[in-house]
There are 2 protein chains.
Amino acid sequence: MKLWVGIASLVLATACWAQESGIFQPASTNVWGAEYPRVDNAGRVQIRVKAPDATQIRLNFWSGPKMDMEKQADGFWTVTTPPLAPGLHYYTLIIDGAEVSDIGSHAFFGGGKDASAVEVPEPGSTYYSPQDVPHGAVREVWYNSKVAGTWRHALMYTPPNYDTQTSVRYPVLYLQHGGGEDETGWIRQGHANFILDNLLAAKSCKPMIIVMAYGYARRAGQAPPDLSGKPFGSPEMMKAMQDMAAAFEDDVTQALIPYIDANFRTLPDRDHRAMAGLSMGGMQTFQVTLNHLDLFSYIGGFSGAAGPLVLGDRKLDPKTDFHGVFADPAAFVKKVHLLWVGVGTKEPERMRAGLLRLHDSLEEAKIPHVFYESPDTDHEWQTWRRDLKDFAPRLFQ
Amino acid sequence: MKLWVGIASLVLATACWAQESGIFQPASTNVWGAEYPRVDNAGRVQIRVKAPDATQIRLNFWSGPKMDMEKQADGFWTVTTPPLAPGLHYYTLIIDGAEVSDIGSHAFFGGGKDASAVEVPEPGSTYYSPQDVPHGAVREVWYNSKVAGTWRHALMYTPPNYDTQTSVRYPVLYLQHGGGEDETGWIRQGHANFILDNLLAAKSCKPMIIVMAYGYARRAGQAPPDLSGKPFGSPEMMKAMQDMAAAFEDDVTQALIPYIDANFRTLPDRDHRAMAGLSMGGMQTFQVTLNHLDLFSYIGGFSGAAGPLVLGDRKLDPKTDFHGVFADPAAFVKKVHLLWVGVGTKEPERMRAGLLRLHDSLEEAKIPHVFYESPDTDHEWQTWRRDLKDFAPRLFQ
């Protein structure tokens, strides 16, 4: 019977699930048959884990409630949160001091680990879920990067007719994850593929390829930085982060783009190449695109843009920052077809302040740009799904 | 600075890593920068987790050692295992009674959850790692299954020239995961894509498409079975498992195969269609292929084949089992180009006995088949990687 134990446990789990009643339903982010986490119509989340010998368990939503769970007589610990905003919320459990993921949840790479997350549905929103429309494909590719000296993994989206209309060439959007996430984020957490499928079915955007790269890099032969004893934010750490950002910039421009253009039916010129990213990926986007306007003409910063490495807490100086590319609005508009910046209204104050300051700086410098505020969402994926939904239709028109 | 916390923590983690010395190295299955798990040349594994307030932590290798970890003065718990066989070993940690994954490890879906795993390298083996050869693509597809009444997710491998040689059509191998695993297993755990890349580069096998389906299904409108109070192995549970297997069979033959043949450049006939699977997937393979010899002509059972649902502990009866397809060897050989069965020499005795008994039954019935024993490997992925390496070159010749 051993062969069947795995599947039998799944069958049993679904049986338990069927016995439950009430308004709480298993989250769509759960593994097959897992009864918890559960979500109700108001966005309240129930978590339940078995830990008969634990003395304390804390539920740790990264951008949400942090609550002590309560031990029940059966050895399970439970908690119900206040209503959460719609969207995908990362969380971990802290069991007697150990930060771990909840095995009822599928894993989503964030915070440098395969973390848990719960999806709170947005009533009436269908733009990021699979609909009965033609679906593009998500591909994984490996490219041998001379910059990094390793095989690197990237995800791609190709639009629905890519395989059948084999004489058509497509523009490309390079789309980056945030700090602590990886190249899987825009598909698993963001549902970028479904967002594009649905926009394309509605004829709201141009067919395009999306490339999602792994946003960390170290140059071939470069040793990891020795930061022992160096405090957070120290000059040594800033240097290490700048080195990594520069290695990533070279990997994108010298390894990834040539690989994509050589292996896929792209329109390989600046007028048909965009880059956008969220948080850390937004900062990488500004660095990569503004250093390489020969390669890019569409730029998106989702809850991250000019960034602390370049500006710190000051305003943009259009005359000097980013090689003075913002100094002459007329020249800028000739080169950059779209500059897009966004932030959620419920993001942390310092985050919002940085994006608002950049928006003001661009206004003062008379640089045309789109500034989008996502209502009632935090530094989380619902903001970035909305960003992509607003951003993609503006590309390659 | 908040924007940079994620990436900064990764930079710091790599710094710690660089400070370590000795023969233990971080496992290739770790998340970026995670110092533990570590593996030495003999296959010993070191695990280390932070859990300052825990009272007991047990390391739980599913097909390997189960050991108590030791608490250190700094709040970390550590353990070093005896040497493990080469390959990928699933494990979890049991922290004060809670079974959880190790956040130093990437997640691998097994046992119905995103579990941890550690890769112990096989000295000199390069056949399942990326080499400097042309790489095929891994694709994710979603198909709208009328059988299941839902969108279903599958992974595919297309060979290196699929995108450029657009007039070529390819044979297809349907390749299934085991019980408790999912459609990601053959790529993430098995490295099926690298195995095929390397076989193709050596001209050891024919170019083919591989399709990896999600091996659980429930018919549209069918309620989950109510198994409350029913013991493991009860008639009700067996019925539930048979229902799931039958729904999967219909999904493969009525939804998945038509979708693949309609959307990819396949050779859509039985002479160019194979199916294989591991453990539960091997049993599904026997059921699906032997019920549909109009669709398949190559059959592989990796550590799973006829299976307990059909045979229990008895020998195969060639006259009656599987519609008597094994009754006439000459007729069988005309229909089935390859019947392949394998098992690892270190698999649990009952598992080995089942496969050996099937092998004997086939010998007695004079049914030509390949029987392969993987030396020194257990009911784990190293067995199945070797199986695929032996099986794939025999297809479509």
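Everything that follows concerns the structure shown earlier in this document.
So, here's what we can say about the structure. Note that the coordinates shown come from a computational prediction; the quantities given were computed from them, not determined experimentally.

1. Considerations on helix α7 (residues 349-364) of chain A
Residues and elements named next belong to chain A.
- Its 16 residues give α7 an end-to-end C-alpha distance of 22 Å, which sits within 8% of 22 Å, the value for a rise of 1.5 Å per residue.
- Listed in full, the buried residues belonging to α7 are Met 351, Arg 352, Leu 355, Leu 358, His 359, Ser 361 and Leu 362.
- Downstream of α7 by a residue or two, Lys 366 has a phi angle that is positive, lying close to 60°.

2. Side note on the interface of chain A and chain B
- Taken residue by residue, the interface counts 86 residues in chain A and 86 residues in chain B.
- At the boundary of chain A with chain B, total buried surface from both sides reaches about 7,800 Å², with 70% on carbon and sulfur atoms.
- The shortest N-O distance in the salt bridge between A:Arg188 and B:Glu140 comes to 3.2 Å.
- Counting across the interface, chain A meets chain B through 16 residue pairs in polar contact (both at pLDDT 80 or more).
- For the side of chain A that touches chain B, the element with the highest residue contribution is helix α1 (residues 2-19) of chain A, accounting for 14 residues.
- As defined by bridge partners, strand β12 (residues 137-145) of chain A adjoins strand β12 (residues 137-145) of chain B across 3 bridges and the pair is classed as antiparallel. Looking at the pairing, A:Val138 lines up with B:Glu140 of β12(B).

3. Side note on the environment of B:Glu373
All names here are of chain B.
- Tracing the backbone through its elements, the reader meets Glu 373 in strand β19 (residues 370-374).
- Distance from Glu 373 to Phe 326, taken between C-alpha atoms, is 22 Å for residues 47 residues apart in sequence.
- When residues no more than four places from it in sequence are discounted, the contact partners of Glu 373 are Val 343, Thr 345, Arg 352 and Leu 356.
- Within the local environment of Glu 373, its side chain forms a polar contact with the side chain of Arg 352, the two groups lying 2.7 Å apart.

4. Quick look at the pairing of strand β13 (residues 150-158) of chain B
All names here are of chain B.
- Of all the 9 residues making up β13, 7 are buried; the element is thus mostly covered by neighbouring parts of the structure.
- The sheet contact formed by β12 and β13 spans 9 bridges and is antiparallel. Of the residues in β13, the one forming a bridge with Asn 144 is Trp 151.
- In this antiparallel pair of consecutive strands, β12 and β13, the connection spans 4 residues, and Gly 149 shows a positive phi of 70°.
- Across 3 bridges, the pairing between β13 and strand β15 (residues 209-212) is antiparallel. Each bridged residue has a counterpart across the sheet, and for Leu 155 the counterpart in β15 is Met 212.

5. Description of unusual backbone geometry
- A:Pro37 follows A:Tyr36 through a cis peptide bond whose omega is 0°.
- Looking at the element boundaries, A:Pro37 is found in the loop between β1 (25-26) and β2 (38-39).
- For B:Lys203, which is not glycine, the phi dihedral falls at a positive 55°.
- Exposure remark for B:Lys203: the relative accessible area of 75% places this residue in the exposed category.
- Unusually for a residue other than glycine, B:Ser279 sits at a positive phi of about 50°.
- Tracing the backbone shows B:Ser279 in the loop between β16 (273-278) and α5 (280-291).

6. Some details on the relation of the copies chain A and chain B
- Each copy of the sequence occupies a distinct position, and chain A is placed on chain B by a rotation of 180° and an axial shift of 0.0 Å, giving an RMSD of 0.0 Å. Read as a symmetry element, the transformation amounts to a two-fold axis. Looking at the rotation axis and the C-alpha trace of chain A, the residue lying nearest is A:Arg139, at 2.0 Å.
- Counting the interface residues of chain A, we find that 100% of their copies in chain B are interface residues as well, pointing to one common contact surface.

Cut-offs used in this document
Residues numbered from 1 in each chain as written. Chains lettered and ligands numbered in written order. Predicted model: local features only at pLDDT ≥ 70, side-chain atom pairs only at ≥ 80, totals over all residues. Heavy atoms only, no water. Helix = DSSP H or I, 4+ residues; strand = E, 2+ residues; numbered from the N terminus. Expected span 1.5 Å × (residues − 1). Buried < 20%, exposed > 50% of the residue type's maximum accessible area, 1.4 Å probe, protein only. Contact = heavy atoms within 4.5 Å. Buried area = accessible area lost by both parts, 1.4 Å probe. Salt bridge = Lys/Arg side-chain N within 4 Å of Asp/Glu carboxyl O. Polar contact = N/O pair within 3.5 Å; in protein donor to acceptor, adjacent residues only side chain to side chain. Pairing = 2+ DSSP bridges. Least-squares fit on C-alpha atoms with pLDDT ≥ 70 in both.

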